[in-house]
Number of protein chains: 2
Amino acid sequence: MYKATIAITLRPSILDPEGKTVHRALENLGYDPVEQVRMGKQAELWIDVETEAEARRLAEEACDRLLANPVTENYEISLASVSEEEVREMAQ
Amino acid sequence: MYKATIAITLRPSILDPEGKTVHRALENLGYDPVEQVRMGKQAELWIDVETEAEARRLAEEACDRLLANPVTENYEISLASVSEEEVREMAQ
(Lines give C-alpha, C1' and ligand atoms only; values in the text may rest on other atoms or scores of the structure.)
Protein backbone atom coordinates (compact mmCIF):
# COMPACT_ATOMS: atom_id res chain seq x y z
CA MET A 1 0.00 0.00 0.00
CA TYR A 2 1.33 3.40 -0.98
CA LYS A 3 0.26 6.90 -0.09
CA ALA A 4 0.62 9.43 -2.88
CA THR A 5 0.70 13.05 -1.75
CA ILE A 6 0.02 15.25 -4.75
CA ALA A 7 0.60 19.00 -4.72
CA ILE A 8 -1.40 20.72 -7.44
CA THR A 9 -0.29 24.29 -8.08
CA LEU A 10 -1.30 26.96 -10.56
CA ARG A 11 1.28 27.51 -13.30
CA PRO A 12 3.29 30.66 -12.63
CA SER A 13 1.67 32.49 -15.57
CA ILE A 14 -1.86 31.93 -14.22
CA LEU A 15 -3.41 34.62 -12.01
CA ASP A 16 -4.23 33.49 -8.47
CA PRO A 17 -6.94 35.70 -6.95
CA GLU A 18 -7.20 33.47 -3.85
CA GLY A 19 -3.47 33.88 -3.24
CA LYS A 20 -3.75 37.66 -3.71
CA THR A 21 -6.60 37.79 -1.17
CA VAL A 22 -4.65 35.76 1.39
CA HIS A 23 -1.61 37.97 0.78
CA ARG A 24 -3.65 41.11 1.46
CA ALA A 25 -5.15 39.57 4.61
CA LEU A 26 -1.66 38.73 5.89
CA GLU A 27 -0.51 42.30 5.20
CA ASN A 28 -3.52 43.60 7.13
CA LEU A 29 -2.45 41.38 10.06
CA GLY A 30 0.99 43.01 9.92
CA TYR A 31 2.98 40.25 8.21
CA ASP A 32 4.92 42.58 5.95
CA PRO A 33 7.80 40.17 5.15
CA VAL A 34 5.39 38.04 3.11
CA GLU A 35 6.15 39.00 -0.50
CA GLN A 36 3.90 36.63 -2.40
CA VAL A 37 1.28 33.97 -1.78
CA ARG A 38 0.11 31.23 -4.14
CA MET A 39 -2.71 28.89 -3.20
CA GLY A 40 -3.03 25.35 -4.50
CA LYS A 41 -4.61 22.00 -3.77
CA GLN A 42 -3.36 18.83 -2.19
CA ALA A 43 -4.71 15.36 -2.87
CA GLU A 44 -3.77 12.32 -0.81
CA LEU A 45 -4.41 8.95 -2.45
CA TRP A 46 -4.02 5.60 -0.70
CA ILE A 47 -3.25 3.11 -3.45
CA ASP A 48 -3.25 -0.66 -2.93
CA VAL A 49 -0.61 -1.87 -5.40
CA GLU A 50 2.57 -3.92 -5.02
CA THR A 51 5.25 -1.56 -6.31
CA GLU A 52 6.08 2.12 -6.05
CA ALA A 53 6.31 2.28 -9.85
CA GLU A 54 2.68 1.12 -10.19
CA ALA A 55 1.56 3.63 -7.56
CA ARG A 56 3.34 6.44 -9.41
CA ARG A 57 1.88 5.44 -12.76
CA LEU A 58 -1.64 5.36 -11.31
CA ALA A 59 -1.20 8.70 -9.49
CA GLU A 60 0.13 10.34 -12.68
CA GLU A 61 -2.80 9.03 -14.71
CA ALA A 62 -5.24 10.23 -12.04
CA CYS A 63 -3.68 13.70 -12.25
CA ASP A 64 -3.70 13.79 -16.04
CA ARG A 65 -7.27 12.54 -16.37
CA LEU A 66 -9.02 14.04 -13.36
CA LEU A 67 -7.16 15.91 -10.65
CA ALA A 68 -5.16 18.56 -12.49
CA ASN A 69 -6.00 20.90 -15.34
CA PRO A 70 -3.11 20.47 -17.79
CA VAL A 71 -3.52 24.00 -19.17
CA THR A 72 -3.45 25.90 -15.87
CA GLU A 73 -1.90 23.59 -13.29
CA ASN A 74 1.27 21.69 -12.46
CA TYR A 75 1.43 18.70 -10.16
CA GLU A 76 4.10 17.02 -8.08
CA ILE A 77 3.73 13.53 -6.66
CA SER A 78 5.54 12.16 -3.64
CA LEU A 79 5.10 8.54 -2.60
CA ALA A 80 5.49 6.78 0.71
CA SER A 81 4.96 3.15 1.63
CA VAL A 82 2.31 2.74 4.34
CA SER A 83 1.24 -0.30 6.34
CA GLU A 84 -2.32 -1.66 6.34
CA GLU A 85 -2.42 -0.83 10.06
CA GLU A 86 -1.84 2.87 9.46
CA VAL A 87 -4.67 2.83 6.94
CA ARG A 88 -7.00 1.10 9.41
CA GLU A 89 -6.17 3.64 12.14
CA MET A 90 -6.75 6.45 9.69
CA ALA A 91 -10.19 5.08 8.80
CA GLN A 92 -11.38 5.12 12.42
CA MET B 1 14.27 34.88 1.29
CA TYR B 2 12.48 31.67 2.17
CA LYS B 3 9.67 29.81 0.54
CA ALA B 4 7.28 28.11 2.95
CA THR B 5 5.20 25.33 1.44
CA ILE B 6 2.29 24.63 3.75
CA ALA B 7 0.09 21.54 3.41
CA ILE B 8 -3.26 22.04 5.12
CA THR B 9 -5.19 18.81 5.60
CA LEU B 10 -8.46 17.93 7.26
CA ARG B 11 -8.00 16.13 10.59
CA PRO B 12 -8.65 12.40 10.18
CA SER B 13 -11.91 12.60 12.19
CA ILE B 14 -13.39 15.25 9.87
CA LEU B 15 -15.55 14.09 6.95
CA ASP B 16 -14.21 15.00 3.51
CA PRO B 17 -17.01 15.07 0.92
CA GLU B 18 -14.67 16.45 -1.77
CA GLY B 19 -12.32 13.50 -1.22
CA LYS B 20 -15.24 11.07 -1.38
CA THR B 21 -16.39 12.60 -4.67
CA VAL B 22 -12.92 12.37 -6.19
CA HIS B 23 -12.64 8.78 -4.95
CA ARG B 24 -15.92 7.85 -6.65
CA ALA B 25 -14.84 9.58 -9.87
CA LEU B 26 -11.56 7.61 -9.87
CA GLU B 27 -13.49 4.37 -9.33
CA ASN B 28 -15.73 5.24 -12.26
CA LEU B 29 -12.61 5.71 -14.38
CA GLY B 30 -11.51 2.20 -13.38
CA TYR B 31 -8.85 3.02 -10.78
CA ASP B 32 -9.91 0.31 -8.35
CA PRO B 33 -6.63 0.16 -6.38
CA VAL B 34 -7.37 3.61 -4.95
CA GLU B 35 -8.68 2.88 -1.43
CA GLN B 36 -9.13 6.37 -0.04
CA VAL B 37 -8.81 9.99 -1.10
CA ARG B 38 -8.45 13.06 1.10
CA MET B 39 -8.38 16.56 -0.35
CA GLY B 40 -6.57 19.46 1.24
CA LYS B 41 -5.07 22.85 0.48
CA GLN B 42 -1.58 24.04 -0.20
CA ALA B 43 -0.29 27.54 0.47
CA GLU B 44 3.07 28.79 -0.76
CA LEU B 45 4.44 31.86 1.02
CA TRP B 46 7.56 33.73 -0.08
CA ILE B 47 8.90 35.36 3.09
CA ASP B 48 11.64 37.98 3.09
CA VAL B 49 13.44 37.35 6.41
CA GLU B 50 17.04 36.57 7.31
CA THR B 51 16.76 33.22 9.07
CA GLU B 52 14.86 29.99 8.60
CA ALA B 53 13.69 30.23 12.23
CA GLU B 54 12.00 33.58 11.55
CA ALA B 55 10.40 32.22 8.41
CA ARG B 56 9.04 29.22 10.33
CA ARG B 57 7.70 31.40 13.15
CA LEU B 58 5.92 33.68 10.68
CA ALA B 59 4.49 30.76 8.68
CA GLU B 60 3.22 29.10 11.88
CA GLU B 61 1.56 32.32 13.01
CA ALA B 62 -0.02 32.78 9.59
CA CYS B 63 -1.44 29.25 9.83
CA ASP B 64 -2.72 29.71 13.38
CA ARG B 65 -4.28 33.10 12.73
CA LEU B 66 -5.52 32.83 9.15
CA LEU B 67 -4.73 29.87 6.94
CA ALA B 68 -5.83 26.83 8.96
CA ASN B 69 -8.87 26.12 11.08
CA PRO B 70 -7.47 24.76 14.35
CA VAL B 71 -10.60 22.70 15.04
CA THR B 72 -10.82 20.86 11.73
CA GLU B 73 -7.40 21.12 10.09
CA ASN B 74 -3.76 20.18 10.55
CA TYR B 75 -0.88 21.90 8.83
CA GLU B 76 2.68 20.99 7.95
CA ILE B 77 5.27 23.55 6.94
CA SER B 78 8.37 22.88 4.86
CA LEU B 79 10.89 25.62 4.22
CA ALA B 80 13.42 26.18 1.47
CA SER B 81 15.85 29.01 0.90
CA VAL B 82 15.26 30.76 -2.43
CA SER B 83 17.27 33.41 -4.25
CA GLU B 84 15.89 36.82 -5.21
CA GLU B 85 16.43 35.81 -8.83
CA GLU B 86 14.07 32.84 -8.56
CA VAL B 87 11.45 35.14 -7.08
CA ARG B 88 11.88 37.64 -9.90
CA GLU B 89 11.54 34.91 -12.54
CA MET B 90 8.45 33.62 -10.78
CA ALA B 91 6.84 37.08 -10.82
CA GLN B 92 7.19 37.40 -14.60
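A few words on the packing of helix α2 (residues 52–67) of chain A against helix α1 (residues 17–28) of chain B. Axis separation between α2 of chain A and α1 of chain B bottoms out at 11 Å; the angle between their running directions is 105°. When the interaxial angle is binned, α2 of chain A and α1 of chain B end up roughly perpendicular. Facing A62, L66 and L67 of chain A of α2 of chain A, the residues of α1 of chain B in contact are V22, A25 and L26 of chain B. By residue class, the composition of the contact of α2 of chain A with α1 of chain B is six nonpolar, no polar and no charged.

Here we take up the relation of the copies chain A and chain B. For the pair chain A and chain B, the best superposition has an RMSD of 0.0 Å and corresponds to a rotation of 180° with a translation of 0.0 Å parallel to the axis. Both copies of the chain, as the preceding transformation shows, are related through a two-fold rotation axis. For chain A, the smallest separation between a C-alpha atom and the rotation axis is recorded for K41 of chain A, amounting to 2.2 Å. Looking at chain A, 100% of its interface residues are interface residues in chain B too, so the copies touch through the same face.

Residues E35 of chain A together with D48, E50, E54 and E84 of chain B make up a contiguous surface patch of negative charge. Within the element layout of this structure, E35 of chain A appears in strand β2 (residues 34–47). Classification of E35 of chain A as partly exposed rests on a relative accessible area of 41%.

All names here are of chain B. Turning to its location among the elements, E73 is positioned in strand β3 (residues 73–81). Other than its neighbours up to four places away in sequence, E73 contacts I8, T9, L10, R11, K41, L67 and A68. At 2.7 Å, the side chain of E73 forms a polar contact with the backbone nitrogen of N69.

With that out of the way, let us pick up the sheet that holds strand β1 (residues 2–10) of chain A. Taken together, the six strands give an open sheet; going across it, the order is β3(A)-β1(A)-β2(A)-β2(B)-β1(B)-β3(B), and neighbouring strands pair in antiparallel fashion. Taken across any chain shown, the strands that pair with only one partner, and hence form the sheet edges, are β3 (73–81) of chain A together with β3 of chain B. Put simply, the sheet's adjacent strands are angled 20° from each other on average, direction ignored. Direction of pairing for strand β1 (residues 2–10) of chain B relative to strand β2 (residues 34–47) of chain B: antiparallel, over a ladder of seven bridges.

Calculation criteria
- Residues numbered from 1 in each chain as written.
- Chains lettered and ligands numbered in written order.
- Predicted model: local features only at pLDDT ≥ 70, side-chain atom pairs only at ≥ 80, totals over all residues.
- Heavy atoms only, no water.
- Axes fitted to C-alpha atoms, helices over the stretch in contact; angles between N-to-C directions.
- Helix = DSSP H or I, 4+ residues; strand = E, 2+ residues; numbered from the N terminus.
- Parallel < 35°, antiparallel > 145°, perpendicular 65-115°, else oblique.
- Contact = heavy atoms within 4.5 Å.
- Nonpolar A, V, L, I, M, F, W, Y, C, P; charged D, E, K, R; others polar.
- Least-squares fit on C-alpha atoms with pLDDT ≥ 70 in both.
- Patch = residues over 30% accessible without salt bridge, like charges linked within 9 Å, V, L, I, M, F, W, Y side chains within 5 Å.
- Areas by Shrake-Rupley, 256 points an atom, 1.4 Å probe, with all protein chains shown as cover.
- Salt bridge = Lys/Arg side-chain N within 4 Å of Asp/Glu carboxyl O.
- Lys, Arg positive; Asp, Glu negative; His and termini not counted.
- Charge placed at Lys NZ, Arg CZ, Asp CG, Glu CD.
- Buried < 20%, exposed > 50% of the residue type's maximum accessible area, 1.4 Å probe, protein only.
- Polar contact = N/O pair within 3.5 Å; in protein donor to acceptor, adjacent residues only side chain to side chain.
- Pairing = 2+ DSSP bridges.

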